[in-house]
Structures are given as C-alpha cells and as structure tokens.
Amino acid sequence: MQSTPQNITPSTLLFVVPEEEWRNLHATLEQIIDLITRRNADDSSSEWIESETARKLLGISPKTWQNYRDQRLIPFSQIGRKIYVNRADLDTFLRKHRIASRK
C-alpha cells in the first residue's frame, strides 16, 4: 500500500504527464467512448421483439395494436403468423407522439 505524507491529502496530489502521452490517452478515451456509444445504439436498433411484447410496452389493447399495424403506423415484419417489431421503430413512434410538458 502506497503511503502519502501526512500533510498532503489524496485530493491535492498532482501528477506530471508528458503532453504527448496525455494526448494519446485522451484520444484513446474518446475512441472508447465513441465505440461504446455506437455499440449501444446498434444494440437497441437491431433488437426485434414479438408483437405481444411490443403491445404491452405501449400499453395498448390488442384491437388498437391491430389498428396500428393496419394503418402502418409502426413498421413490422411477419413470418407466418408471428409478428416482430424493431425496438428502434417503437422508440421512433413514441418520440413522434411525445407531448412536451408545459413550461
């Protein structure tokens, strides 16, 4: 365990790092943040959920859900009798129907 002098608290310690190393570290951290941000965006946009789950997330009845599909308000995919909805499309739908708060 590393000790610090008694009159110096850890919050007052300063480190000297060569400028080039600092710039490299900063650039690397920015790349990591960018990768994580893109990965999170990719994960949510590629998630497909079943029709019943989508309906429950929206809190609507089966009839309303059927009307939304009939009117093509939310894009969906159908394989046989199974219907799937892309999570990003649900998020877009919710954003389009968002009612802002009064100021």
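Look a little higher up for the structure.
Residues numbered from 1 in each chain as written. Predicted model: local features only at pLDDT ≥ 70, side-chain atom pairs only at ≥ 80, totals over all residues. Heavy atoms only, no water.

Draft legend 1. Looking closely at the environment of F76. Counting through the fold element by element, F76 comes out in the loop between α3 (62–70) and β2 (77–79). Residues in contact with F76, not counting those within four places in the same chain, are R69, I83, Y84 and V85. (Helix = DSSP H or I, 4+ residues; strand = E, 2+ residues; numbered from the N terminus. Contact = heavy atoms within 4.5 Å.)

Draft legend 2. Fine view of the nonpolar core. In this structure, I49, A54, L58, I60, W65, I74, V85, L90 and F93 together form the largest nonpolar core, which totals nine residues. Going through the elements one at a time, α2 (51–58) and α4 (87–96) are the ones with two or more residues in this core. With residues up to four places along the chain from it excluded, the contact list for I60 reads R55, W65 and Y68. (Core = buried A, V, L, I, M, F, W, Y, C linked by side-chain atoms within 4.5 Å. Buried < 20%, exposed > 50% of the residue type's maximum accessible area, 1.4 Å probe, protein only.)

Draft legend 3. Quick peek at α2. Listed in full, the buried residues belonging to α2 are S51, A54, R55 and L58. Along the long axis of α2, the arc covered by the buried residues comes to 100°, so they all point the same way. Those residues of α2 that are buried lie in contact with β1 (48–50), α3, β3 (82–86) and α4. (Arc of directions from axis to C-beta.)

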